[in-house]
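# Structural overview for review
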Amino acid sequence: MDIHGTTILAVRSEEGTAMAGDGQVTLGQSIAMKHTAKKVRTIYKGRVMVGFAGATADAFTLFERFEKKLESHSGNLVRAAVELAKDWRTDKYLRRLEAMILAADAENILLITGTGDVIEPDDGMAAIGSGGSYALAAARALKRHTSMPAKDIALAAMKIAAELCVFTNENITLETREREAK
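This write-up is about the structure you can find in this document. (Residues numbered from 1 in each chain as written. Predicted model: local features only at pLDDT ≥ 70, side-chain atom pairs only at ≥ 80, totals over all residues. Heavy atoms only, no water.)

Take the sheet that holds strand 11 (residues 125-128) next. If you trace the 4 strands from one edge of the open sheet to the other, you get 11-2-3-12, paired in antiparallel fashion. With one partner strand each, in any of the chains shown, strand 11 and strand 12 (173-178) form the two edges of the open sheet. In this sheet, neighbouring strand axes are inclined to one another by 10° on average, regardless of whether the strands run parallel or antiparallel. Here strand 2 (residues 8-12) pairs with strand 3 (residues 16-21) via 5 bridges, running antiparallel. Residue Arg12 lies in a different strand from strand 3, and its bridge partner there is Thr17. Helix 3 (residues 132-145) contacts strand 2 and strand 11 of the sheet and is inclined by roughly 160° relative to strand 11. (Pairing = 2+ DSSP bridges. Helix = DSSP H or I, 4+ residues; strand = E, 2+ residues; numbered from the N terminus. Axes fitted to C-alpha atoms, helices over the stretch in contact; angles between N-to-C directions. Contact = heavy atoms within 4.5 Å.)

Across the sheet, 5 strands lie side by side as 6-7-8-9-10; this open sheet has antiparallel pairing. Bordering the open sheet on either side are strand 6 (40-43) and strand 10 (118-119), each of which pairs with just one other strand. Two elements, strand 8 (residues 99-104) and strand 9 (residues 109-112), share 4 bridges in a ladder whose sense is antiparallel. Bridging across to strand 9, Ile101 finds its partner in Ile112. Running over the sheet, helix 1 (residues 56-72) touches strand 6, strand 7 (48-54), strand 8 and strand 9 and is turned about 150° from strand 7.

For the rest of this paragraph, the subject is the nonpolar core. Within the largest apolar cluster, 23 residues are counted, with the highest numbers of intra-cluster contacts made by Val48, Val50, Leu62, Phe66, Leu70, Ile101 and Ile112. Counting residues per element, the ones that place at least two in this core are strand 7, helix 1, helix 2 (77-90), strand 8 and strand 9. The element best represented in this core is helix 2, accounting for 6 residues. For Ile112, the contacting residues outside a window of four places in its chain are Phe66, Ala81, Leu84, Ala85, Trp88, Met100, Ile101, Ala103 and Asp117. In this structure, Ala18, Ala135, Leu142 and Ala161 belong to the second largest nonpolar core, which totals 16 residues. (Core = buried A, V, L, I, M, F, W, Y, C linked by side-chain atoms within 4.5 Å. Buried < 20%, exposed > 50% of the residue type's maximum accessible area, 1.4 Å probe, protein only.)

Moving on, we get to the packing of aromatic side chains. Applying the stated rule across the entire model yields 3 aromatic pairs. Between Phe52 and Phe60 the ring centres are 5.9 Å apart and the planes differ by 55°, which places this aromatic pair in the tilted class. With relative accessibility at 29%, the residue Phe60 sits in the partly exposed group. One aromatic cluster in this structure is built from Phe52, Phe60 and Phe63. (Phe/Tyr/Trp six-rings, centres within 6.5 Å; stacked < 30°, edge-to-face > 60°.)

Function cannot be read off these values alone, since they describe shape.
If you want it as structure tokens, here you go:
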């Protein structure tokens, strides 16, 4: 049986970036196995937020590799993401890993996949997982029609997604990173 059931959302605004993830893990199509999983974490000296959808062990393997890439590129998120994506696509072991990563710092949001993709969203928002499209739609509506900060948009959008998607719950983990004053 497939274990899944994830919603991860990242939202960027003038103040910084917020990343939220729900806590639900589902076995198959109907059995909620866990309600309080933590699928959003910080890495690289607390500067980078990462969230995952897919197999947990695979995601943690990728997080470890990604943190090493961040260290070797002095915390440059974009460069580290490109290097991870290259390795993920070409390495025989890594290629078999089944996960997606959403990575962000105060300035950037990136979707990283095993097919070599590193995608930066045009509108400063991205989501992955079973409930990702619900959370993303809610976040876009909130951003267009309110002046809420990224943190509040992420929380409200995740709650809306939980109302609509059976694979999303309201046990939300939220991480934020503020932009440095210029």
